[in-house]
Amino acid sequence: MKSLAIFAVLLLSNISATPTPAPIPVVLWHGMGDNANGPGMNRVKQLIENEIPGTYVKSLMIGGNIITDTINGFLMHPTDQVEYACNLIQSDPNLAQGYYGIGFSQGSQFIRALGQRCSTPKMKGLISIGGQQQGVYGIPFCNPDFLEFCGAIRPIVTHFAYESFQFLVQATYWHDALNSTDYAHRNTFMADINNELRINQTYVDNLQALEKFVMVKFEQDGMVIPIESQWFGFYKPGQGTVTESLQESKVYTRLGLDKLGSEGKLHFLSCPGLHLQFTPEWFVEHIIKAHLK
C-alpha cells in the first residue's frame with residue numbers, strides 16, 4: 001500500500017512538471033505605405049501578446065529600417081521581398097517549429113507567397129486581412145460600377161502596368177480581367193503565385209498543409225476593386241463587371257484550395273467598414289480568439 005502511495009505521488013509530480021506547450025508564434029506583414037513598427041502594426045502585436053501571453057510575434061521589416069521598409073512596399077519587387085522575408089524567418093530560432101502568418105492588404109498576398117515559396121519553417125495557418133488575393137482591376141476609390149471614367153481608364157492602366165511601370169510593386173498584382181492570357185504571361189508576380197500559367201506543385205502542397213486559411217473582406221472597401229478579391233474572387237474572365245467566387249474560378253483547383261475547402265479549412269469573414277478599418281474588439285473576437293488560440 002505504501003509503495004502504491006509513493007507511485008501515485010511520483011506520477012502526480014511528473015504530470016505537474018510537464019511543461020505547457022508554448023503558443024504558436026505569429027508573423028505579421030504590413031500593407032502598402034506602412035512599416036513593421038507603425039502604430040497599427042504595434043497595436044496588433046500588442047493585442048496578440050496581451051490575449052495570448054507568451055506569444056512570440058514578429059513584424060516583418062523588409063529592409064534595415066522603417067524608411068527602407070516603407071519604400072520597399074512601393075519599389076522592391078514582391079519576389080525579392082518574399083526572398084528577403086524567407087531569410088528573416090529562417091534565421092529566427094523562435095520560428096523554427098512553425099508559425100501563423102497574418103497579412104494586411106498587399107501584405108496578405110505577399111505572406112501567402114512566403115508560405116508557398118518558403119517551405120521551412122512551416123506556415124501553420126494563414127490569415128489575410130483585406131488582401132488582394134486575385135489582384136485588382138481598378139483604381140482605388142474609383143469604382144467602375146458608378147463612374148464611367150473609372151471603367152474606361154482600366155485598359156490604359158493595364159498597358160502601363162505591364163510595360164512602363166513594372167518597377168512599381170502595385171503593378172505586380174494588377175490583374176487584366178479582359179485578357180486572361182495576356183495577364184498570365186505578362187504579370188510578374190500575381191499570375192505566378194496563383195498558378196495561372198503553369199502548376200507549381202510546391203505551391204499546392206504548401207497551401208494544402210495549412211491548418212486554416214482565413215480571409216477577411218471589408219464591406220465598404222473602396223481600395224480593393226473588385227472587393228471580392230479579398231475573398232479570393234474576381235471578375236469572370238473576359239469582362240470587368242460580373243464577378244465570380246473563389247469556388248467558381250479556376251484558381252480554386254489550380255492552387256489546390258478545393259482540398260482545403262472540402263476539409264473545412266477555408267474561412268470567409270466580413271468586417272463592417274472601410275479598408276483595414278477594424279476595431280481592437282473585432283480583431284480580438286474574430287481573429288485572436290477564433291483563429292489563433
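Predicted model only: the values in this text are computed from it and were never measured. Residue positions are given per chain, counting from 1 as you read along its sequence in written order. Predicted model: local features are reported for residues with pLDDT of at least 70 only, side-chain atom pairs are reported and counted for 80 or more only, and whole-chain, interface and lining totals are derived from all residues. Hydrogens and waters are ignored; side-chain quantities use all the structure's heavy atoms.

### Quick look at the sheet that holds strand β3 (residues 99–104)
Here's step 1: A pair of strands is labelled paired if DSSP reports no fewer than 2 bridges between them. Starting at the N terminus, helices and strands are each numbered in turn, a helix being any DSSP run of H or I of at least four residues and a strand any DSSP run of E of at least two. Overall, parallel pairing links the six strands, which are arranged β2-β1-β3-β4-β5-β8 in an open sheet. At either margin of the open sheet sits one strand with a lone partner, and together these are β2 (57–59) and β8 (266–271). For this sheet, the mean angle separating the axes of adjacent strands, direction not counted, is 15°.
Here's step 2: As paired strands, strand β1 (residues 26–29) and β3 are joined by four bridges and run parallel to one another. From the neighbouring strand, leucine 28 faces β3, where its bridge partner is isoleucine 102.
Here's step 3: Packed onto the sheet, helix α5 (residues 106–117) meets β1, β3, β4 (123–129) and β5 (212–218) and runs at close to 150° relative to β3. Comment: axis = line fitted to C-alpha atoms, over the contacting stretch for helices; angle = value between 0 and 180 degrees taken between N-to-C directions. Contacts are residue-level and defined by heavy atoms, with any inter-residue pair within 4.5 Å sufficient.

### Here we look at the side chain of arginine 112
Here's step 1: In this fold, arginine 112 is placed in helix α5.
Here's step 2: Type-normalised accessible area, obtained with a 1.4 Å probe on protein chains alone, sets the label of each residue: buried when under 20%, exposed when over 50%, and partly exposed for intermediate values. As used throughout, the charge tally considers Lys and Arg to be positive and Asp and Glu to be negative, leaving His and the chain termini uncounted. Counted as salt bridges are all cases of a side-chain nitrogen of Lys or Arg within 4 Å of a carboxyl oxygen of Asp or Glu. Buried and unpaired, arginine 112 has glutamate 196 as its nearest opposite-charge partner, separated by 8.6 Å.
Here's step 3: The term polar contact refers here to a pair of N or O atoms within 3.5 Å; inside protein, the definition further demands a hydrogen-donor-capable atom paired with an acceptor-capable atom, and it admits residues adjacent in sequence only when both atoms are side-chain atoms. Of note is the side chain of arginine 112, whose polar atom sits 2.8 Å from the side chain of glutamine 116.
Here's step 4: A polar side-chain atom of arginine 112 sits 2.5 Å from a polar atom in the side chain of glutamine 133.

### Overview of the state of the cysteines
Here's step 1: The criterion for a disulfide is a pair of cysteine sulfur atoms lying within 2.5 Å. Counted by the stated rule, this structure contains two disulfides.
Here's step 2: Two residues share a disulfide in this structure: cysteine 142 and cysteine 150, whose sulfurs sit 1.8 Å from each other. Here cysteine 142 and cysteine 150 share a disulfide; its torsion about the S-S bond, -95°, makes the bridge left-handed.
Here's step 3: Note on cysteine 142: relative accessible area 12%, which makes it buried.
Here's step 4: Taking relative accessible area as the criterion, cysteine 150 reaches 1% and is therefore assigned buried.

### Concerning the pattern of salt bridges
Here's step 1: The tally for this structure, following the rule as stated, stands at 10 salt bridges.
Here's step 2: Across the salt bridge formed by lysine 58 and aspartate 92, the nearest N and O atoms sit 3.2 Å from each other. Highlighted residues: lysine 58 in strand β2 and aspartate 92 in the loop between α4 (78–90) and β3, separated in sequence by 34 residues. Grouping residues by exposure puts lysine 58 and aspartate 92 together as buried.
Here's step 3: Overlapping salt bridges, with partners in common, bring together Glu163, Asp182 and Arg186 in one network.

### Concerning the confidence of the model for the protein
Here's step 1: Within the protein, residue pLDDT values average 93, and 94% of them lie at 70 or more.
Here's step 2: Each residue gets a pLDDT score, which is the predictor's confidence in that residue and runs from 0 to 100. Taken together, the stretch residues 1–13 has pLDDT below 50 and engages in zero contacts with residues farther than four places along the chain or on a different chain.

### Some points on unusual backbone geometry
Working note: non-glycine residues mostly have negative phi, and peptide bonds are mostly trans.
Here's step 1: Of note, the amide linkage connecting threonine 120 to proline 121 takes the cis form, showing an omega dihedral of -5°.
Here's step 2: Tracing the sequence through the fold places proline 121 in the loop between α5 and β4.
Here's step 3: The omega angle of the peptide bond from isoleucine 225 to proline 226 is 0°, so this bond is cis rather than trans.
Here's step 4: Within the secondary structure, proline 226 sits in the loop between β5 and β6 (234–235).
Here's step 5: Although it is not a glycine, asparagine 195 sits at a positive phi angle of roughly 55°.
Here's step 6: Checked against the element boundaries, asparagine 195 lands in the loop between α9 (190–193) and α10 (201–208).
Here's step 7: Relative accessible area serves as the criterion here: at 0%, asparagine 195 is assigned to the buried category.

### Some remarks on a nonpolar patch on the surface
Here's step 1: The grouping of Met32, Ile66, Ile67, Ile71, Phe74, Leu75, Ile156, Phe160, Phe165 and Phe167 at the surface amounts to a nonpolar patch, some 910 Å² of accessible area in total.
Here's step 2: Of all the elements in the fold, those that place two or more residues in the nonpolar patch are α3 (66–75) and α7 (154–162).
Here's step 3: Of the residues forming the nonpolar patch, the biggest block, five residues, is contributed by α3.
Here's step 4: Take isoleucine 66: it is sitting in helix α3.
Here's step 5: Overall, isoleucine 66 belongs to the partly exposed group, its relative accessible area being 40%. Excluding any residue in a salt bridge, patches collect residues exceeding 30% relative accessible area, merging like charges within 9 Å and nonpolar Val, Leu, Ile, Met, Phe, Trp and Tyr side chains within 5 Å. Each accessible area is a Shrake-Rupley estimate made with a 1.4 Å probe; only the visible protein chains count as cover when residues are assessed.

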